[in-house]
Amino acid sequence: MADLSWRELEVELDAWSEEGQAATLWWRDDDARGPSPELERLLRIQSRTRVPLSLAVIPERLDPALARLLQEGREVAVLQHGFAHRNHAGAGEKSMELGSHRPREHVLDEMRLGFERLQSTFGDRFLPVLVPPWNRIAAGVLPFLPRCGLRGLSTFAPRKRADPVPGLREVNTHVDVIDWRGGRRGRERRVLIPEVAGHLRARREGRVDAEEATGVLTHHLDHDEGAWTFVEELLERVSAHPSASWRCARALFPDRSAELRPE
Ligand SMILES: [Zn+2]
């Protein structure tokens with residue numbers, strides 16, 4: 001890691017080594033609906049780096065060709081990205097699909113439908129983990145997700161509890177490579193690298209849940225060259241460090257398929 005801007009991450013990963021700990025990270029990419037040149041680029045990076053990828057897929061208007069693109073052998077897990085990625089919040093409110101703007105049963109019916117669609121399209125590659133669009137979900141919906149077959153939740157920011165409700169494991173993302181308000185550009189590495197190192201340090205120092213893997217959030221359809229370069233370099237540099245590892249979603253979210261089935 002000769003590049004000075006990566007030094008802060010190297011120092012932090014070394015600190016995990018010195019404490020005899022293994023730093024865990026994971027990679028979530030959102031908004032896949034079907035094949036695209038950007039998705040193919042993402043999968044090439046996954047193939048080359050061999051870093052497990054958790055792909056949050058939108059069930060509505062899903063292109064079945066996506067299943068063919070995710071060939072056997074690739075370490076790609078499919079997560080459920082809401083249902084239609086449609087905003088139901090009013091003007092002036094923050095965008096939200098899974099809020100309290102509609103009757104809860106409507107929301108849950110969509111979750112069940114999305115679950116079934118992803119399971120029948122992707123089989124074992126699909127993990128019953130919900131990634132709410134815009135990383136927002138009404139607290140009142142959470143207790144009902146396990147009844148829809150969902151056993152995991154992933155939003156953004158350090159989790160407060162490992163299981164926000166019984167039967168639902170939460171593992172979030174913590175670093176977003178895109179600057180959504182500043183023109184949907186890739187954020188600069190001088191802010192991204194300290195954020196990755198900062199979450200790892202907060203875990204090591206016990207300021208956040210140390211057991212929650214540090215999540216890197218990407219959006220393949222919105223990457224500029226800077227974002228692509230950063231992501232690829234981060235994947236490689238973390239992989240190269242002896243005390244850091246990328247975890248697959250299957251390892252982060254416990255298998256509760258035997259105890260929870262959709263009703
Ligand atoms: Zn999204």
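Coordinates for the structure precede this section.
Residue positions within a chain follow its written sequence, with the count starting from 1. Per-residue local features are limited, in this predicted model, to residues with pLDDT of at least 70; the limit for side-chain atom pairs, both in listing and counting, is 80 or more; totals at the level of whole chains, interfaces and linings are taken over all residues. Side-chain metrics in this entry use all non-hydrogen atoms of the structure; hydrogen atoms and water are not considered.

Q: Break down the overall build of the protein chain for me, citing the residues and quoting the values.
A: Secondary structure elements are defined from DSSP: runs of H or I of at least 4 residues count as helices, runs of E of at least 2 residues count as strands, and each element is numbered from the N terminus. When helices and strands are tallied, the protein chain shows 7 helices and 11 strands. Taken over C-alpha atoms, the radius of gyration is set against a globule rule of 2.2 Å times the number of residues to the power 0.38. In terms of overall dimensions, the protein chain is globule-like: its C-alpha atoms have a radius of gyration of 18 Å, near the 18 Å expected for 263 residues. Considering only C-alpha atoms, the protein chain reaches an extent of 55 × 40 × 40 Å along its principal axes. Pairs of residues are marked as contacts when any of their non-hydrogen atoms sit within 4.5 Å. A fraction of 69% describes how many contacts in the protein chain between residues 6 or more apart in sequence connect residues 24 or more apart. Of the roughly 12,000 Å² of accessible surface on the protein chain, 47% is carried by carbon and sulfur atoms. Residues scored as positive are Lys and Arg, those scored as negative are Asp and Glu, and His as well as the terminal groups of each chain are ignored. Note that the charge is assigned to NZ on lysines, CZ on arginines, CG on aspartates and CD on glutamates. When the 39 basic and 42 acidic side-chain charges of the protein chain are each reduced to a single mean position, those positions are 2 Å apart. Every accessible area reported is derived by Shrake-Rupley at a probe size of 1.4 Å, with residue values counting cover from the shown protein chains alone.

Q: Residue-level account of the coordination of the zinc ion, with values.
A: In this analysis a donor is any N, O or S atom within 2.8 Å of a metal ion (3.2 Å for sodium, potassium and calcium), and since water is not included, sites may seem incomplete. With distances of 2.1 Å, the protein atoms coordinating the zinc ion are Asp 31 (OD), His 81 (NE2) and His 85 (NE2). Mapping the donors of the zinc ion onto the primary sequence yields the spacing D-x49-H-x3-H. Taken as a pair, Asp 31 in strand E1 (residues 23-32) and His 85 in the loop between strand E3 (76-80) and helix H4 (104-122) lie far apart in primary sequence, 54 residues in all.

Q: Could you give an account of the nonpolar core, with specific residues and numbers?
A: Formed by 64 residues in total, the largest nonpolar core has its most connected members in Leu 9 and Leu 145. What Leu 9 contacts, discounting residues up to four positions off in sequence, is Ile 193, Val 196, Ala 197, Leu 200, Leu 234 and Val 238. Take the buried residues of types Ala, Val, Leu, Ile, Met, Phe, Trp, Tyr and Cys, join any two whose side-chain atoms come within 4.5 Å, and each joined set is a nonpolar core. The buried label applies to any residue whose accessible area, calculated with a 1.4 Å probe on protein chains only, is under 20% of its type's maximum; exposed applies above 50%, and partly exposed to all values in between. With 12 residues, the next largest nonpolar core counts Ala 77, Leu 79, Val 171 and Ala 213 among its residues.

Q: Tell me about the pairing of E1, and please be specific about residues and values.
A: If a strand is regular, its side chains alternate between the two faces of the sheet. The element E1 is extensively covered by neighbouring structure, given that 10 of its 10 residues are classed as buried. Each pair of strands is called paired provided DSSP finds at least two bridges between the two strands. Sheet analysis places E1 next to strand E11 (residues 244-246), joined by 3 bridges and oriented parallel. Residue pairing in the sheet places Ala 23 in a bridge with Ala 244 of E11. With 5 bridges joining them, E1 and strand E10 (residues 214-218) adopt parallel strand pairing. Directly across from Leu 25, in E10, lies its bridge partner Thr 214. In this structure, E1 lies alongside strand E2 (residues 53-57), joined through 4 bridges in parallel fashion. Bridge pairing in E2 places Asp 29 opposite Leu 55.

Q: Quick rundown of H4? Include the residues and the values.
A: For a helix, the expected span equals 1.5 Å multiplied by the residue count minus one. Over its 19 residues, H4 extends 27 Å from the first C-alpha to the last, a length consistent with the 27 Å expected when each residue adds 1.5 Å. For H4, the set of buried residues is Val 107, Leu 108, Glu 110, Met 111, Arg 112, Gly 114, Phe 115, Leu 118 and Phe 122. On its buried side, H4 packs onto E2, helix H3 (65-69), E3 and strand E4 (126-130). Where H4 terminates, the next one or two residues include Gly 123, which has phi positive at roughly 55 degrees.

Q: I'd like a description of the environment of Pro 37, backed by residues and values.
A: Structurally, the position occupied by Pro 37 is in helix H2 (residues 37-49). Through-space distance from the C-alpha of Pro 37 to that of Leu 221 is 8.9 Å; in sequence the pair is 184 residues apart.

Q: Provide a residue-level description of the pairing of E3, including the pertinent values.
A: Of all 5 residues that make up E3, 5 are buried, and the element is covered over most of its length. Both faces of E3 are covered, namely the face carrying Val 76, Val 78 and Gln 80 and the face carrying Ala 77 and Leu 79. Sheet topology places E2 next to E3; 5 bridges connect them, and they run parallel. By the bridge assignment, Ser 54 is partnered in E3 with Ala 77. As defined by bridge partners, E3 adjoins E4 across 2 bridges and the pair is classed as parallel. Within E4, the position partnered with Gln 80 by the bridge is Leu 130. With H4 bridging E3 and its parallel neighbour E4, the resulting β-α-β unit is right-handed. By convention, a crossover is right-handed whenever its connection, traced from the first strand over the helix to the second and viewed with the strands pointing away, goes clockwise.

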